[in-house]
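Descriptive structure summary
The primary structure of each chain is shown beneath.
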Amino acid sequence: MRVVEAFRAAFGADPATVWHAPGRVNLIGEHTDYNDGFVLPFAVPWGVTAAVTPRDDSTVRLLSLQHGDPVTIPSHEESRGWTRYVVGVLATLGDRVRGADIAIDGDVPQGAGLSSSAALEVSVASALNDLHDLGLSPMELALISQRAENEFVGMPCGIMDQAASALSQEGQALFLDCRSLGSRNIPLDLAAHGLRILIIDTQVHHEHANGEYAKRRAECESAARKLGVAALRDVEDLAGALSQLQGDERKRTMHVVTENHRVEALVGLLRAGAVTEIGALLNASHLSLRDQYEVSSPELDLAVEAAIRGGARGARMTGGGFGGSAIALVADDRLESVRDSVCAAYAERGWKQPRFLPATPARGAHRLS
Ligand code: GLA
């Protein structure tokens, strides 16, 4: 394994353990996680592999095959850039761990919105859990990873990405209730229906994404306060709720409440074996994210429209928005025409061509050696 060789070369010994954790795509349930709602992501075949040995002191020595030379971080406060995701996990685990030597190798396509950061956090958290016999469950490891990102990196994300990375099973999507944290694996056998999910990476990432994310989150919390509920998940009478709200908060509530229903409807279809019928829900989710939640982008909208024109059964942006990727549900015999349609639409505007990646539901975090 490449990461083991790199570990040996940098730190002069074999690592004590090696863990892999994947990135994710979200099938449906967008911007619902921090509203205590439902999500349905699955792990992708790309992720982060972490080779780790604990240390007796509090120093962290870190090597990433993607970022060049090893760095030594004497204390938590001194971490910068990508190292914060790793040091944040160590800091969140607190007294339960000390320092560590860590080598990282990742193959999650960068900037595609496929949660390489969650993969990084969860791979390191899982390895430390194993090495220190902490006995933490996959969900507890996801929560620690989320806290590291919230408090250490300063990104106020929900639990979806880390949970998908920690809990997913091969061939299944993860239906997660973000309030109770109860989850269920839902078989997603697309191949049996001659279907696949194509990731369309727009290769565009808008700078203001993180600020807008925090703003959406604050708008939802403010709307919930006005409605007298703990979270928008609790809204039952949508019409009644909308009549009490105005402007952006009204639109955000509309999206979150209907999106939760779409997740449940989609899970119902999958459990009934009606995979071919889920396309309409994907389309509706996209329109809601575009018009009510306002987190899409011209590149995502065009990818979705062109994919559908090319014969996709449904398509939507996936993840936080403002760039990153869309997904399209495509029958095997339409693959070429969907790709051609999207490429032609981008070419017509003179935009950089998007990248296409096939998504098969992969296994969540696991030990490699
Ligand atoms: C990002 C966040 C997740 C979730 C999605 C939107 O990926 O990390 O917690 O909120 O956006 O669904």
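Heads up: the structure comes first, above all this text.
Sequence order as written defines residue numbering, which begins from 1 separately in each chain. For a predicted model such as this one, the threshold for reporting local features is a pLDDT of at least 70, and the threshold for listing and counting side-chain atom pairs is 80 or more; totals across whole chains, interfaces and linings nevertheless cover every residue. Water and hydrogen atoms play no part in the side-chain values, which are based on all heavy atoms of the structure.

The secondary structure listing takes helices from DSSP runs of H or I that are at least 4 residues long and strands from runs of E that are at least 2 residues long, numbered from the N terminus. Regarding its fold elements, the protein chain presents 11 helices and 12 strands. Taking 369 residues into account, the globule formula puts the C-alpha radius of gyration at 21 Å, and the protein chain, at 21 Å, falls close to it. The principal-axis extents of the C-alpha atoms in the protein chain amount to approximately 60 × 50 × 40 Å. The classification of residues rests on relative accessible area computed with a 1.4 Å probe and restricted to protein chains. Under 20% of the type maximum is buried, over 50% is exposed, and intermediate values are partly exposed. Expressed as a percentage of the 369 residues in the protein chain, the buried residues total 57%. As a reference, a globule follows 2.2 Å times the number of residues to the power 0.38, and the radius of gyration itself is taken over C-alpha atoms.

So, about the layout of surface pockets. A volume near 1,100 Å³ is recorded for the largest pocket. Lining the largest pocket are 50 residues, and of these Tyr85, Ser115, Ser116, Ser117 and Glu149 sit closest to its centre. Sorting the residues of the lining of the largest pocket by element identifies helix 2 (83–93), strand 5 (100–106), helix 3 (116–131), helix 4 (138–153), helix 5 (160–167), helix 6 (209–227) and strand 10 (323–331) as the ones contributing at least two each. Ranked by residues supplied to the lining of the largest pocket, first place goes to helix 3 with 4 residues. Asp, Glu, Lys and Arg are counted as charged, while Ala, Val, Leu, Ile, Met, Phe, Trp, Tyr, Cys and Pro are counted as nonpolar; the rest, among them Gly, fall into the polar class. For the lining of the largest pocket, the class distribution of residues is 17 nonpolar, 24 polar and 9 charged. Cavities and pockets are defined on a 1 Å grid built over the protein atoms alone: a cavity is a set of grid points where a 1.4 Å probe fits but cannot escape, while a pocket is an open set with protein on both sides within 12 Å along at least five of seven lines, and lining residues are those with an atom within 4 Å of any such point. Grid points are joined across faces, edges and corners, and a volume is the space filled by probe spheres set on the points.

Our focus in this paragraph is the sheet that holds strand 10. On the basis of which strands lie adjacent, the open sheet formed by 4 strands has the order 9-10-8-11 and antiparallel pairing. Every other strand in the sheet has two partners, leaving strand 9 (314–317) and strand 11 (355–359) as the edge strands with one partner each. Each adjacent strand pair in this sheet contributes to an overall mean axis angle of 25°, direction not counted. Pairing of strand 9 with strand 10, which is carried by 4 bridges, proceeds in the antiparallel orientation. Within the sheet, the bridge partner assigned to Ala315 lies in strand 10 and is Ala328. In this analysis, strands are considered paired if DSSP registers two or more bridges between them. In this analysis, axes come from line fits to C-alpha atoms, helices being fitted only over the stretch in contact, and the angle between any two N-to-C directions falls in the range 0 to 180 degrees.

Purely spatial values, then, with no claim about function.
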